[in-house]
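Observations on the three-dimensional arrangement
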Amino acid sequence: MTYAITQTCCNDATCVAVCPVNCIHPTPEERAFGSTEMLHIDPRACIDCGACADACPVDAIFPVDSLTGGQREYAEINAAYYADAEPPAAEVPGPNFHVWGEPVFERSLPSDFGPLRVAVVGTGPAGMYAAQDLLLHTAAEVTLIDRLPVAGGLVRYGVAPDHPATKKVGDTFSRFHSHPRVRMHLGIEVGRDVTAEELSAHHDAVVYAVGASTDKRLGVPGEERPGCLSATAFVAWYNAHPEAVAQGLDLSTERVVVVGNGNVALDVARILVADPEALAATDIAAHALDALRASRVREVVVLGRRGPEDAAYTRSELLALKHLPGVDLVVDDHDPRTAAAIDAAGPGDRAGVLRGLARVRTDARPPVRGEGAAARRRIVLRFHSEAVEVLGGDGGVDSVRVTDGGGTADLSAGLLLRAIGYRGLPVPGLPFDEAKGTVPHEGGRIAGMPGSYVVGWIKRGPSGGIGANRTCAAETVGTLLADAVAGTLPAPAGDAKAFRRLVRQRNRRVVDARGLAAIERAERERGRATGRPRVKLATVEELVAAARSRRLLRSAG
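The structure reproduced in this document is the subject of the present report. (Residues numbered from 1 in each chain as written. Predicted model: local features only at pLDDT ≥ 70, side-chain atom pairs only at ≥ 80, totals over all residues. Heavy atoms only, no water.)

It is worth spelling out the packing of helix H9 (residues 231-238) against helix H10 (residues 263-273) at this point. Any two packed helices are characterised by how steeply their axes cross, that is the angle between the axes, and by the distance between the axes. Interhelical geometry of H9 versus H10 gives an angle of 50° and a closest axis separation of 10 Å. One way to sum up the angle between H9 and H10 is to call them oblique. The chirality of how H9 crosses H10 is left-handed. For the pair H9 and H10, the contacting residues are Ala231, Phe234, Val235 and Tyr238 in the first and Val264, Asp267, Val268, Ile271 and Leu272 in the second. Residue classes in the contact of H9 with H10 are distributed as eight nonpolar, no polar and one charged. (Axes fitted to C-alpha atoms, helices over the stretch in contact; angles between N-to-C directions. Helix = DSSP H or I, 4+ residues; strand = E, 2+ residues; numbered from the N terminus. Parallel < 35°, antiparallel > 145°, perpendicular 65-115°, else oblique. Left-handed = near helix turned anticlockwise from the far one by under 90°. Contact = heavy atoms within 4.5 Å. Nonpolar A, V, L, I, M, F, W, Y, C, P; charged D, E, K, R; others polar.)

Quick look at the structure:
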């Protein structure tokens, strides 16, 4: 029996490091690493030890014999990756199971290397991979800072609630929140509460992991109408982000148009048509669950400007849509190039996943698809089509005008979501590349700012999933440590206590590690009361109140 990597693979390569027979590829040392949608286990070389499954932070690895339903397809996907590869080398005498290359030590710290004090701004995957690297491989003291009063970033507010396995990577990060060399200041925003200069004055180095928090625009007439919003805002809404509007999203329309062809587009389409009672078993925002229970949405049309062979989503996310209960996945065949690309696709191509799906024509109005419990919902993938105008009155969106062959067609819809990419925002005090939406850097070192670094999407742009931040963080931390060894880091003027006094003076509602633990307990208790894993606190006021509750309990005792 061999193991296979499945849908939730995060690509952080933790499994590669523990495999005793080097049967998981591509590895971080190989050119293809980062360009494949997932990692793959070679069934010819796997020895069924299970080390990879134990190490996987997102529960993506299972014995092939245990795969059921749609997951069985991943046994073939893993094997297909090695179909044209040379067979594994024969076993050789010695204590190793496999022939390994010479060890490479990219970092070399002197024996007298002293502890650094490093601030990490942002507690999402990029920031936490950087903090983890520093804490595990150096004696650094790390100050974790986030503008929200709760940690998690993309893991908490970006991962879809029906992907609980992906969220488990947060458990790996959370063990560092209470690390003895970590100090946590949540609810502190750079530029509002402290300046970049003040951060640098109290730390040997500062790593900015602030992500890409806004979205790109369509640039079409009518885009400013109510009912036309970004997928970023919609994802924040159903994930209980404190800055999202808790009420007011109108789901009384029968059709929603989603513009974009990436994983976020598929996420929002799936949430819109998923069974609300299935979502009730997740940590979806309470207000979103109520709205989805009352929703009249029966069809989501996903617009892709290019063909199915060029779609940006992963095969894993597309495969999941094929097995969504009560939902039909169909392809709009208004353009003959779509069918041609699907029919010509190989088994390993994205377009090949669409083979066998029903092909339809999207009418001006969505079709009637049953009543009550018998009503089915559907997702329509419409390629070679883009939105050119959003139509409606003062009340919102009535329809979306889309390209249709050589002309246009109007699709009735009461909601349009744009999912065409994220974009970083400037950080006060840091240089910023307006064209790329990133901070200029060299290997993570911010140009012209010794001792200041970037990691994650604000460094490389909004590309790559959670696991891509591990190698990104390794590069940035490596640059930071090289600068420390070279003696080029500016010496801080203030210490950790002085910084703590500063932030408390600027913001009396700062949340520390104990406050974060109190928030965690409060959300889980609310979940137990309703039979859910947790019920997220959805406002800054609720989060701060929960964090302070532990102080009140301590003083009362």
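Throughout the structure, instances matching the rule amount to three cavities of 30 Å³ or more. The computed volume of the largest cavity comes to approximately 80 Å³. Every residue lining the largest cavity is counted, 14 residues in all, and those nearest its centre are Cys9, Cys10, Asp12, Cys15 and Cys56. Counted by class, the lining of the largest cavity contains eleven nonpolar, two polar and one charged residues. (1 Å grid on protein atoms, 1.4 Å probe; cavity = no way out; pocket = protein on both sides within 12 Å on 5 of 7 lines; lining within 4 Å. Points joined across faces, edges and corners; volume = space filled by probe spheres on them.)

Now for the sheet that holds strand S13 (residues 327-332). Pairing between the strands of a sheet is mediated by backbone hydrogen bonds and can be parallel or antiparallel. Here seven strands make up an open sheet; going across it, the order is S10-S19-S11-S12-S15-S13-S14 and the pairing parallel. Both outer strands of the open sheet, strand S10 (228-230) and strand S14 (359-360), are each paired with one neighbouring strand and no more. Across five bridges, the pairing between strand S11 (residues 255-259) and strand S12 (residues 299-303) is parallel. Across the sheet, the residue bridging to Arg255 is Glu299, located in S12. Contacts between H10 and the sheet are confined to S11, S12, S13, strand S15 (377-382) and strand S19 (415-418), with S15 contributing the most and set at about 160° to the helix. (Pairing = 2+ DSSP bridges.)

Attention now goes to the pairing of S12. Taking burial as the measure, the five residues of S12 include five buried ones, the bulk of the element. Judged by which residues are buried, S12 turns out to be covered on both faces: Glu299, Val301 and Leu303 on one side and Val300 and Val302 on the other are all buried. Pairing of S12 with S15, which is carried by five bridges, proceeds in the parallel orientation. Bridged to Leu303 within S15 is Arg382. (Buried < 20%, exposed > 50% of the residue type's maximum accessible area, 1.4 Å probe, protein only.)

Right, let's talk about helix H14 (residues 336-344) for a bit. Every buried residue of H14 is listed here: Thr338, Ala339, Ala341 and Ile342. Around the axis of H14, the buried residues are gathered within 165° of arc, so they sit on the same side. Across H14 from its buried face, at more than 90 degrees, point the exposed residues Pro336, Arg337 and Ala344. Of the surrounding elements, those touching the buried residues of H14 are S13 and S14. (Arc of directions from axis to C-beta.)

On inspection of all chains with the given rule, the structure shows five aromatic pairs. With centroids separated by 5.0 Å and ring planes inclined at 85°, the aromatic side chains of Tyr129 and Phe173 adopt a geometry described as edge-to-face. In this pair, Tyr129 sits in helix H4 (residues 125-137) while Phe173 sits in helix H7 (residues 169-174), placing the two residues 44 residues apart along the sequence. Take Tyr129 and Phe173: they sit in the same class, and that class is buried. On the basis of an interplanar angle of 25° and a centroid distance of 5.4 Å, the ring pair of Phe234 and Trp237 is categorised as stacked. Residue Phe234 and its partner Trp237 are both found in helix H9; the two are separated by three residues, about one turn of the helix. Classification of Phe234 as buried rests on a relative accessible area of 0%. Here a set of aromatic residues connected by ring pairs shows up, and it is made of Phe234, Trp237 and Tyr238. (Phe/Tyr/Trp six-rings, centres within 6.5 Å; stacked < 30°, edge-to-face > 60°.)

On to the nonpolar core, then. In this structure, Ile24, Tyr238 and Leu381 are the most contacted members of the largest nonpolar core, which totals 122 residues. Those residues in contact with Ile24 that lie beyond four places of it in its chain are Ile5, Cys15, Val16, Cys19, Leu39, His40, Ile41, Cys52 and Tyr82. Counting 22 residues, the second largest nonpolar core, distinct from the first, contains Val194, Val439, Ile446 and Val510. (Core = buried A, V, L, I, M, F, W, Y, C linked by side-chain atoms within 4.5 Å.)

With that out of the way, let us pick up the sheet that holds strand S16 (residues 387-391). Pairing is antiparallel across the open sheet formed by three strands, whose spatial order is S16-S17-S18. Each having just a single partner strand, S16 and strand S18 (407-412) make up the two edges of the open sheet. Taken pair by pair, the neighbouring strands of this sheet meet at an average axis angle of 25°, ignoring direction.

This part takes up the pattern of salt bridges. Tallied over the full model, the rule gives 38 salt bridges. Asp332 is the salt-bridge partner of Arg382, the closest N and O atoms lying 3.0 Å from each other. Taken as a pair, Arg382 in strand S15 and Asp332 in strand S13 lie far apart in primary sequence, 50 residues in all. Comparing Arg382 with Asp332 shows no difference in burial state: the two are buried. Between Glu520 and Arg534 there is a salt bridge, with the nearest N and O atoms lying 2.9 Å from each other. (Salt bridge = Lys/Arg side-chain N within 4 Å of Asp/Glu carboxyl O.)

Here the residue pair His25 and Pro26 is connected by a cis peptide bond, since its omega of -5° sits within 30 degrees of zero. By the secondary structure assignment, Pro26 is in the loop between strand S2 (24-25) and strand S3 (40-41). In this model, Asn11 sits at a positive phi of 70°, which is unusual for a non-glycine residue. Locating Asn11 in the fold gives a position in the loop between strand S1 (3-5) and helix H1 (14-18). A positive phi angle is found at Ala13, which is not glycine, with a value near 70°. Topologically, Ala13 is positioned in the loop between S1 and H1.

As a further point, take the pairing of strand S5 (residues 117-121). Of all five residues that make up S5, five are buried, and the element is covered over most of its length. Because side chains alternate across S5, one face comprises the buried residues Arg117, Ala119 and Val121, and the other comprises Val118 and Val120, equally buried. Strand direction decides the pairing type here: S5 and strand S6 (residues 141-146), joined by five bridges, are parallel. Looking at the pairing, Val118 lines up with Val142 of S6. As a crossover connection, the stretch from S5 through H4 into S6 is right-handed. (Right-handed = clockwise from strand over helix to strand, strands pointing away.)

Below, the discussion takes up the side chain of Asp215. Topologically, Asp215 is positioned in strand S9 (residues 214-215). Overall, the relative accessible area of 14% leaves Asp215 in the buried class. Sequence-distant contacts of Asp215, defined by excluding residues within four places in its chain, comprise Ser230, Thr232, Arg418, Gly421, Tyr422 and Arg423.

Everything listed here is a matter of geometry and, on its own, says nothing about what the molecule does.
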